[in-house]
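Fold and contact review
Chain by chain, the residues:
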Number of protein chains: 2
Amino acid sequence: MRTVAIIGIGQTPVGEHWEKSIRDLAGEAIFAALHDAGRATVDSLFIGNMLSGILSKQENLGGLISDWIGMHGMEAHKVEAACGSGAAAFRAGLIAVSSEEVESALVVGVEKMTESLPIETTEALATAADADYESAQGLSFVAINALVMQLYLHTYGWKHTDFAPFSINAHANAMHNPNARLHEAITQKDYVNARMVAEPINLLDASPTGDGAAAVLLVPAGSLAPGIKPLVKVIGSASATDSIAIHSRKDPLWLSAAEKSARKAYAQAGVGPQDIDFFELHDAFSIMSVLSLEACGFAERGQGPRLGLDGEIGVQGRLPITTRGGLKARGHPVGATGVYQIVEAVQQLRTEAAPTQVEGAKIGMSQNIGGSGATIITHIFTTE
Amino acid sequence: MRTVAIIGIGQTPVGEHWEKSIRDLAGEAIFAALHDAGRATVDSLFIGNMLSGILSKQENLGGLISDWIGMHGMEAHKVEAACGSGAAAFRAGLIAVSSEEVESALVVGVEKMTESLPIETTEALATAADADYESAQGLSFVAINALVMQLYLHTYGWKHTDFAPFSINAHANAMHNPNARLHEAITQKDYVNARMVAEPINLLDASPTGDGAAAVLLVPAGSLAPGIKPLVKVIGSASATDSIAIHSRKDPLWLSAAEKSARKAYAQAGVGPQDIDFFELHDAFSIMSVLSLEACGFAERGQGPRLGLDGEIGVQGRLPITTRGGLKARGHPVGATGVYQIVEAVQQLRTEAAPTQVEGAKIGMSQNIGGSGATIITHIFTTE
């Protein structure tokens with residue numbers, strides 16, 4: 001197993017791209033990553049995507065995208081793990097390069113969601129949950145998360161408003177990210193008055209979907225001569241699962257797959273939570289930020305909201321999170337999100353993230369979640 | 001990179017399993033593979049599946065199936081490459097084990113198709129083609145293959161009936177496979193009189209879909225003490241792509257991704273076509289058998305039908321193919337097919353395939369195709 005470096009990053013803005021298809025979006029992010037790396041050819045392509053079959057009537061993205069980018073013949077396929085598809089594809093590319101099976105791998109996360117009717121998108125997103133025991137009973141994906149948040153408030157005695165700092169922080173950071181879907185700073189008052197979606201989740205607890213693609217280029221770190229940009233290396237990578245249906249879990253308020261994958265990634269990297277300089281977490285809903293922080297060892301059980309209330313999650317704080325806007329404000333093009341998170345972690349480690357740059361950031365972590373905690377993939381990156 | 005062995009195989013019959021869901025089917029094949037291997041636990045799970053999101057409203061199969069089989073927490077995700085999903089998932093599991101990233105991997109191919117309306121299935125299968133430039137123009141997947149077959153007949157001067165031996169051979173072999181969907185020997189007369197589907201493809205040129213799952217268990221070959229069953233090792237594995245749309249290819253009658261992946265697999269294994277004792281090829285349509293044989297070096301360009309007419313493809317012939325019935329008669333549960341092919345190759349190499357056992361088989365090859373040639377994955381296996 002050899003160490004792998006990320007030498008190119010690319011992304012499209014997250015938004016409504018009526019004029020662009022899946023292949024257009026993927027191609028745009030890929031060419032940006034190749035340009036960033038100064039490379040023209042790659043051995044293999046790993047695609048993170050959840051909904052192309054349902055929403056765009058298009059599967060077989062390996063053949064589609066490799067052909068479109070002019071790399072006819074290259075090895076390519078799609079990896080799916082619901083909203084965790086992006087990081088799952090990244091991990092597949094990472095293993096292929098680290099194993100010496102390939103010399104280079106492109107990973108692209110791509111999703112095209114806004115051309116569909118809202119009801120179609122809601123139904124498509126419900127495929128992340130248990131079709132027989134959750135979705136078929138009328139539970140939408142947001143409703144599942146609402147049940148979890150309700151239980152959390154009840155169990156630990158927090159108020160809904162205690163979650164406001166997560167959304168306010170994400171929106172504030174996205175103001176400086178040109179690729180974010182939402183450029184709209186919000187206040188505590190906005191949060192309190194936001195329209196209810198599924199009680200207690202309101203519009204400012206929930207991330208907006210969108211169209212978008214993000215890409216990275218992976219090569220063996222040992223092959224590289226010193227370059228202009230700081231070299232970002234992958235030092236931890238792990239994936240774990242949990243019961244897909246919330247009701248099957250011993251404790252619906254504990255993301256055991258987050259704990260398992262984070263612990264494994266920490267061990268690989270030889271670090272602990274105290275060494276992480278920033279954390280790109282999966283804030284699909286504000287409750288998920290809190291559960292992720294607790295399961296990864298950044299807060300005691302039931303104490304996650306404290307980090308927000310104490311101002312520790314801002315870019316100047318002890319543990320900056322969602323530094324480029326997170327899912328909440330950068331947007332959540334589901335199968336692409338995991339790769340966006342990694343692109344943003346690279347920006348931080350290269351000190352290309354001003355004015356939301358985390359000063360002196362040397363070790364960053366990203367975590368991507370598929371379903372309401374069923375598949376969780378954690379990565380840790382560093383730079384010298 | 002360490003050598004990987006297949007120590008367990010399992011499968012469900014291919015058919016209409018009204019009483020079984022995706023998780024039931026996958027679990028049945030997985031438990032059979034574990035039982036066959038005499039193991040109870042595994043590190044990781046790779047799932048080949050194409051249509052669960054569209055037809056069963058279920059994605060996130062990693063969480064779903066790992067939970068169902070009681071291996072809560074294990075790493076698991078889905079790999080999709082249209083009808084090539086099964087072999088793509090196998091290759092992902094293979095790389096994970098050979099790289100030492102994991103110590104063991106289950107690979108399961110699973111598909112649930114027959115609960116849907118025929119029109120839904122036809123639309124779902126069309127996602128293997130180019131949605132914008134093929135499917136949206138009214139081309140179904142069988143229609144695309146019909147255009148290719150028509151061009152082949154026109155270009156090389158063969159008659160439709162020259163393809164009969166491929167279907168007759170597949171049906172004959174399936175008679176002895178208890179897991180095959182069709183147990184119905186056919187004659188030349190049946191072939192000629194079969195109902196037309198999309199000219200020149202008739203019902204006996206086309207493989208039937210179905211529900212089913214097949215699974216294998218992969219471990220490092222070096223870790224094993226001599227066992228009762230012959231050890232089957234993977235000695236070649238490669239994947240390649242071609243333009244997804246037929247009209248974009250320089251030569252629509254040449255499967256360049258088959259040629260590329262087969263050449264690479266031959267080189268890894270240190271063998272050539274002359275060394276292959278049997279070939280589980282992707283006979284979704286009889287024309288695909290012919291194109292695959294040519295691209296992999298078993299026949300001259302335009303001469304593929306000759307192998308059938310000369311009786312070389314039967315289990316006693318020079319190059320036995322579809323020895324357990326192939327897609328044509330074992331059935332084609334699309335995302336599962338690639339794993340069925342590998343299970344069947346293992347049966348041959350273990351000499352468990354009587355009465356269609358290939359005598360003295362030491363080196364077997366399988367090839368799985370996604371779309372009409374867009375993604376092609378080739379594997380070579382051996383036993384001592």
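Now for a quick tour of the structure. One numbering rule holds for all chains: residues counted from 1, following each sequence as written. For this description, chains carry letters from A and ligands carry numbers from 1, given in the order in which they are written. Totals for whole chains, interfaces and linings use all residues, but because this is a predicted model, local features are given only for residues with pLDDT of at least 70 and pairs of side-chain atoms are given and counted only at 80 or more. Side-chain measures here rest on the full set of heavy atoms in the structure, leaving out hydrogens and waters.

**A few points about the relation of the copies chain B and chain A**
What counts is decided by this rule: A least-squares fit on C-alpha atoms brings the copies together, and the residues used are those whose pLDDT is at least 70 in both copies. Note on contacts: a residue pair qualifies if any of its non-hydrogen atoms lie within 4.5 Å across the two residues.
Overlaying chain B on chain A yields an RMSD of 0.0 Å, the required transformation being a rotation through 180° with an accompanying axial translation of 0.0 Å. With respect to symmetry, the two chain copies, as superposed, fit the operation of a two-fold axis. The residues that chain B uses at the interface reappear at the interface of chain A in 100% of cases, marking a shared surface.

**Overview of the nonpolar core**
For the record, the criterion: Each nonpolar core is a collection of buried residues, namely Ala, Val, Leu, Ile, Met, Phe, Trp, Tyr and Cys, held together in the definition by side-chain atoms within 4.5 Å. For the exposure calls, accessible area comes from a 1.4 Å probe over protein chains only, and a residue counts as buried if that area is under 20% of its type's maximum, exposed if over 50%, partly exposed in between.
In this structure, I276(A), F279(A), F298(A) and F298(B) are the most contacted members of the largest nonpolar core, which totals 134 residues. What I276(A) contacts, discounting residues up to four positions off in sequence, is Y266(A), V271(A), F298(A), L319(A), I363(A), M365(A) and I380(A).

**Some remarks on the packing of helix α6 (residues 141-156) of chain A against helix α10 (residues 286-295) of chain A**
Residue and element names in this part refer to chain A. Convention followed: As a rule, the C-alpha atoms of each element are fitted with a line to give its axis, helices using only the stretch in contact, and angles between N-to-C directions run from 0 to 180 degrees. For helices the rule is a DSSP run of H or I covering at least 4 residues; for strands it is a run of E covering at least 2, with both sets numbered from the N terminus onward. In this scheme, roughly parallel covers angles under 35 degrees and roughly antiparallel covers those over 145, while 65 to 115 is roughly perpendicular and the rest are oblique. Left-handed describes a crossing whose near helix is turned anticlockwise from the far helix through less than a right angle; right-handed describes the clockwise counterpart. Any residue that is not Ala, Val, Leu, Ile, Met, Phe, Trp, Tyr, Cys, Pro, Asp, Glu, Lys or Arg is counted as polar, Gly included; the first ten are nonpolar and the last four charged.
The interhelical angle for the contact between α6 and α10, taken along N-to-C directions, is 60°, at an axis separation of 9 Å. Looking at the two axes, α6 sits oblique to α10. In this structure, α6 meets α10 at a crossing whose hand is left-handed. Two secondary-structure elements touch here, α6 through N145, V148, M149 and Y152 and α10 through S286, I287, M288, V290, L291 and E294. For the contact of α6 with α10, the per-class residue count stands at seven nonpolar, two polar and one charged.

**Remarks on the pairing of strand β11 (residues 375-383) of chain B**
All names here are of chain B. The following threshold applies: Two strands pair under a simple rule: DSSP has to find at least two bridges between them.
Across the nine residues of β11, nine count as buried, placing the element largely inside the fold. The alternating pattern of β11 places T375, I377, H379, F381 and T383 and I376, T378, I380 and T382 on opposite faces, both of which are buried. The sheet contact formed by strand β8 (residues 232-241) and β11 spans nine bridges and is antiparallel. Directly across from S239, in β11, lies its bridge partner I377. Here strand β10 (residues 363-370) folds back onto β11, and the loop between the two strands holds four residues, one of which, G371, carries a positive phi near 75°.

**Let's talk about helix α7 (residues 164-174) of chain B**
The buried fraction of α7(B) is high, at nine of 11 residues. Listing the buried residues of α7(B) in full gives A164(B), P165(B), F166(B), S167(B), N169(B), A170(B), H171(B), N173(B) and A174(B).

**Section: the interface of chain B and chain A**
So the rule is basically this: For any pair of parts, buried area is found by adding up, for both, the accessible area (1.4 Å probe) each one loses once the two are put together. Basic side-chain nitrogens of Lys or Arg form a salt bridge, by our definition, when they fall within 4 Å of a carboxyl oxygen of Asp or Glu. Polar contacts here mean pairs of N or O atoms no more than 3.5 Å apart (in protein, one a potential hydrogen donor and the other a potential acceptor; neighbouring residues in sequence count only if both atoms are side-chain atoms).
With 56 residues of chain B in contact, the opposing surface of chain A contributes 56 residues. Across the chain B/chain A interface, buried area totals approximately 4,300 Å², and carbon plus sulfur atoms make up 46% of it. In this structure, the connection of chain B to chain A is made through eight salt bridges. Taken together, the connections running from chain B to chain A amount to 36 residue pairs in polar contact (both at pLDDT 80 or more). Broken down by secondary-structure element, the contributors of at least two residues to the side of chain B that touches chain A are α2 (52-56), α3 (61-68), β3 (75-80), α4 (85-98), β8 and α9 (256-269) of chain B. Here the residues of the side of chain B that touches chain A are counted per class, giving 20 nonpolar, 23 polar and 13 charged.

The values are spatial; any link to function lies outside them.
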